[in-house]
Amino acid sequence: AGPGSYTVGTMSERFDCHYCRDPLQGKKYVQKEGRHCCVKCFEKFCANTCIECKKPIGADSKELHFKNRYWHDNCFRCFKCYTSLVNEPFMLRENNKVWCSNCTATEDAPRCKGCFKPIIAGDQNVEYKKMVWHKDCFTCSQCKQVIGSGSFFPKGDDFYCVSCHEHKFAKTCAKCKNPITSGGLTYQEQPWHSECFICSNCKKQLGGKRFTAVEDQFYCVDCYKECVAKKCAGCKNPITAGFGRGTSVVNYEDESWHDYCFKCTKCARGLANKRFVCHNGKIYCAECPKRL
């Protein structure tokens, strides 16, 4: 920026104004493009117009110019903050308005989705799916606490901290009633923590293992055999239907047998689903008692 292509001086010889023909001797005058004129005619016919205040830039004023645009020096200020831009970096923006570098950076900065203020260089921020927040503006939709750079869960247009997401959306364990945040298993359409789904006797986890449910209690195979299963009246071993050989149980009065252990005491014929006779506390087929 600098003065236009004219000079200002005081005429010492006989000379008339190019426009009004008044004598210029002893008066202040302006010379522009080889012509001499008085100050009044200069402002009327020759002076550039300030792009900011729309008034002529007189001979006594300091003029700044940029890309064929002209300003009074005191009009050359930032459009946003009004700071003087004489000898300062600036940018010419829309509508021929000049902006300082700070206001330009602020205006072009992305806007925080929380407070809608600009996020300028140096601000700590959080970005997610082309959206950006100041770090302190990124808060939980439920408890309103700052999430910042911590873990969170998006739900539509809302964001939840881990704790609020657990209480609002996570499944609840059928045993301890606390949220299941990861892992877990399902039994009879109910969710369980893996560490809650355990044998009622030995407390070992049953996830992925064979077990039996008895009156809302769960038992691993070994504990079921040892603590719960009935003992066969024939072989004296536990009757564990579904675990190993044999799936049927024969019950008579207060005793139980494996189906393959329920046989005639004399001839050893299998009697499951067949007629039998009980004599002196022993089981016989229908024929053998006749031979006793």
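Residues numbered from 1 in each chain as written. Predicted model: local features only at pLDDT ≥ 70, side-chain atom pairs only at ≥ 80, totals over all residues. Heavy atoms only, no water.

Draft legend 1. Representation of the environment of Phe159 within the structure. The topology assignment puts Phe159 in strand β11 (residues 158-161). Here the alpha-carbon distance between Phe159 and Arg35, two residues 124 residues apart in the chain, equals 73 Å. (Helix = DSSP H or I, 4+ residues; strand = E, 2+ residues; numbered from the N terminus.)

Draft legend 2. Structural view of the pairing of strand β20 (residues 276-279). Here β20 pairs with strand β21 (residues 282-285) via four bridges, running antiparallel. Opposite Cys278, over in β21, you have Ile283 as the bridge partner. With antiparallel pairing between neighbouring strands as the criterion, β20 and β21 make up a hairpin whose turn holds two residues, including Asn280 at a positive phi of roughly 55°. (Pairing = 2+ DSSP bridges.)

Draft legend 3. Representation of the pattern of salt bridges. Here the structure, examined in full by the defined rule, presents one salt bridge. Salt-bridge contacts for Lys97 lead to Glu52; the nearest nitrogen and oxygen are separated by 3.9 Å. Taken together, the positions of Lys97 in the loop between β6 (90-92) and β7 (98-100) and Glu52 in the loop between α1 (39-46) and β4 (63-66) put the pair 45 residues apart, joining distant regions of the chain. Given the relative accessible area of 35%, Glu52 is considered partly exposed. (Salt bridge = Lys/Arg side-chain N within 4 Å of Asp/Glu carboxyl O. Buried < 20%, exposed > 50% of the residue type's maximum accessible area, 1.4 Å probe, protein only.)

Draft legend 4. Structural view of the domain arrangement of the protein. Annotation of the protein at the domain level lists domain 1 (47-100), domain 2 (109-168), domain 3 (170-227) and domain 4 (229-291). Taken over C-alpha atoms, the centre of domain 1 sits 41 Å from the centre of domain 2. (Domains from an automatic or database assignment.)

Draft legend 5. Main features of helix α4 (residues 221-228). Residues of α4 that are buried include every one of Val221, Cys223 and Tyr224, and no others. Viewed along the axis of α4, the buried residues span an arc of 165°, placing them on a single side of the element. Those residues of α4 that are exposed and aimed more than 90 degrees away from the buried face are Asp222 and Glu226. Where α4 is buried, its residues touch β16 (211-214) and β17 (217-220). (Arc of directions from axis to C-beta. Contact = heavy atoms within 4.5 Å.)

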